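Below are the chains, spelled out letter by letter.
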Amino acid sequence: MAEFIISQEALRRNAELLQRVACAGGVHVLLALKAFATTRCLSVLRPYAAGCCASGLYEALLGAREMGGHLAVYSPAYETEDLVQLEGIANHIDFNSLEQWERFAERCVSHPRAQKGEMQFGLRVNPAFSTGRTPLYDPCRPGSRLGIDMALLPGKLPSGISGLHIHTLCEQGAQDLIDTFRAFEEKCGILLQDPSLRYLNLGGGHWITQEGYEVEKLIEFLRRLRRRYRGVEIYLEPGEAWSIHTGVLRAKVLDVFESMGFRHAILDISASAHTPDVLEMPYRPDVFLTEKAGENSPFSGVPQPAVCLPGESYYRAGQAGETDFTYRVGGVSCLAGDVFGNYSFRRELVVGDILTLDDMAHYTIVKTTHFNGVKHPGISLLTSNGRLTSLRCFGFEDFQNRLG
Ligand SMILES: Cc1ncc(COP(=O)(O)O)c(C=O)c1O
């Protein structure tokens, strides 16, 4: 049975770096639950995070229950029933339009928690400054619905608003944040100087735990911000940075055959159902042929997946044509494009082979579906002491129960 495996040690490594940024930069670093919300792993991150950011009521309830700390909520729109519950638990509620704020302002500011200063309200603003390359993930793309058009903002913060929120980045570096903030300051400086401003949320997309990220540059920038905007608390809400390089998806080869000029390998998972970003973004995951460790196992120094189990060896597949054993690796759903990519292996694939798809914790586990009734991979944790613990198995009832 296919399985996601998450490494406790790798989660902790990411968390330590993010906590260092928070301490050295004098800012609050939240976990964006939209990227990673495996409940039984949240306790690993909890000691390092200032709290979490939620995309709406359900993530907020999860965050309040499982993470604690500061709870920041932003949604492109709220409905009254959800807001009623959010007002009971959130510390920041950020609004995506002046219309939504005007609709809810009165009830928000008069809430006892707001009166006591336990809850504040902010506006998400669109700095209209794109630094990303993938339009699907670019909130600054033309015609975006995310964040208020700066041309529509008044010259001062509306009464009751004490926060500004920008989120524009996706898998990006410190310089992208610096450039974005400069553009934001140029167009929105007057609001940043507003005496009512109490918090500034710089969103997510900061690829802090990715190799090559300029961590010291980020810290220096955050310190400068703190000096320039005294009295304003600064928040970052990365998701991916907490959970990149922490998980893999192991799958089994169900069939190998030739058709239409390709050798195909069909796995017991689906790109469409289990790794939708592979198709949406699209991107090509690293795939490792996984074998029992033997005498000729690869020496250390060769690429390895984020999670390696004791007694196994991992051989990274190459581009198509690099070896004589090239396969179109596909999923088991009926979708014609349910394909992970074309990969070449060190030997012929046979039914029963295990392939490990790398880096499958962030945004993957949270996005899976039961499309086609493909069996849902289980979720396991490799604990710091090397024990593999099953967190969740899925069966037919899970498939049926979702469908009403
Ligand atoms: C408002 C907001 N905050 C935070 C994040 C987390 O971003 P990332 O996981 O890229 O760090 C996102 C991602 O879409 C977002 O939309």
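Residues numbered from 1 in each chain as written. Predicted model: local features only at pLDDT ≥ 70, side-chain atom pairs only at ≥ 80, totals over all residues.

> Before we go on, may I ask you to explain the nonpolar core in this structure?
As a rule of thumb, soluble globular proteins bury nonpolar side chains together. Counting 104 residues, the largest nonpolar core has Leu 30, Leu 31, Cys 52 and Val 73 as the members making the most contacts within it. The residue makeup of this core includes at least three contributed by each of domain 1 (8-243) and domain 2 (247-360 + 368-402). Contacts of Leu 31, omitting those with residues within four sequence positions, involve Leu 45, Ala 49, Cys 52, Met 67, Gly 239 and Trp 242. (Core = buried A, V, L, I, M, F, W, Y, C linked by C-beta atoms within 7 Å. Buried ≥ 20, exposed ≤ 12 C-beta atoms within 10 Å, placed from the backbone. Domains from an automatic or database assignment. Contact = placed C-beta atoms within 7 Å.)

> Sorry if this is basic, but what is going on with the site of the ligand here?
Around the ligand, 15 residues are found, and the nearest of them are Ala 32, Gly 204, Pro 238, Gly 239 and Glu 240. Classifying every residue of the shell around the ligand by side-chain character gives seven nonpolar, five polar and three charged. (Near = placed C-beta within 6 Å. Nonpolar A, V, L, I, M, F, W, Y, C, P; charged D, E, K, R; others polar.)

> What is the right way to read the packing of helix α7 (residues 174-192) against helix α8 (residues 215-228) from this model?
Between two packed helices, the angle of one axis relative to the other and the distance separating the axes together describe the packing. Viewed as axis vectors pointing N to C, α7 and α8 meet at an angle of 25 degrees, and their least axial separation amounts to 8 Å. Regarding the angle of α7 to α8, the classification is roughly parallel. Contact with α7, carried on its side by Ala 174, Gln 175, Leu 177 and Ile 178, involves Lys 217, Leu 218 and Phe 221 of α8 and no other residues of that element. Looking at the contact of α7 with α8 residue by residue, the classes come out as five nonpolar, one polar and one charged. (Axes fitted to C-alpha atoms, helices over the stretch in contact; angles between N-to-C directions. Helix = DSSP H or I, 4+ residues; strand = E, 2+ residues; numbered from the N terminus. Parallel < 35°, antiparallel > 145°, perpendicular 65-115°, else oblique.)

> Explanation requested: α8 in the structure shown.
Given 3.6 residues to a turn, an α-helix orients residues that are three or four positions apart in the same direction. Compared with an ideal rise of 1.5 Å per residue, which puts 14 residues at 20 Å, α8 spans 20 Å between its outermost C-alpha atoms and is within 8% of the ideal. Along α8, the residues that are buried comprise Leu 218, Leu 222 and Leu 225. Down the axis of α8, the buried side of the element spans an arc of 55 degrees, and every buried residue falls inside it. Turned more than 90 degrees off the buried face of α8, the exposed positions are Glu 216, Arg 227 and Arg 228. Buried-residue contacts for α8 involve α1 (8-25), α7 and β11 (233-236). (Expected span 1.5 Å × (residues − 1). Arc of directions from axis to C-beta.)

> Mind showing me how you'd approach the pairing of strand β6 (residues 92-95) here?
If a strand is regular, its side chains alternate between the two faces of the sheet. Neither face of β6 is open: one carries His 92 and Asp 94, the other Ile 93 and Phe 95, and all of them are buried. As paired strands, strand β5 (residues 70-74) and β6 are joined by three bridges and run parallel to one another. For Val 73, the partnering residue across the bridge sits in β6 and is Ile 93. In this fold, the crossover linking β5 to β6 by way of helix α4 (residues 80-89) has right-handed handedness. Where β6 meets strand β7 (residues 120-126), four bridges bridge the pair, whose relative direction is parallel. The partner of Asp 94 across the bridge, within β7, is Gly 122. (Pairing = 2+ DSSP bridges. Right-handed = clockwise from strand over helix to strand, strands pointing away.)

> Teacher, can you tell me more about the domain arrangement of the chain here?
Buried accessible area, meaning the area lost when the parts come together, often serves as the stated size of an interface. Per the domain assignment, the segments of the chain are domain 1 (8-243) and domain 2 (247-360 + 368-402). Every contact between the two is made by nine residues of domain 1 and, on the other side, ten residues of domain 2. The element contributing the most residues to the side of domain 1 that touches domain 2 is α1, with three residues. Here the side of domain 1 that touches domain 2 is composed, by residue class, of three nonpolar, four polar and two charged.

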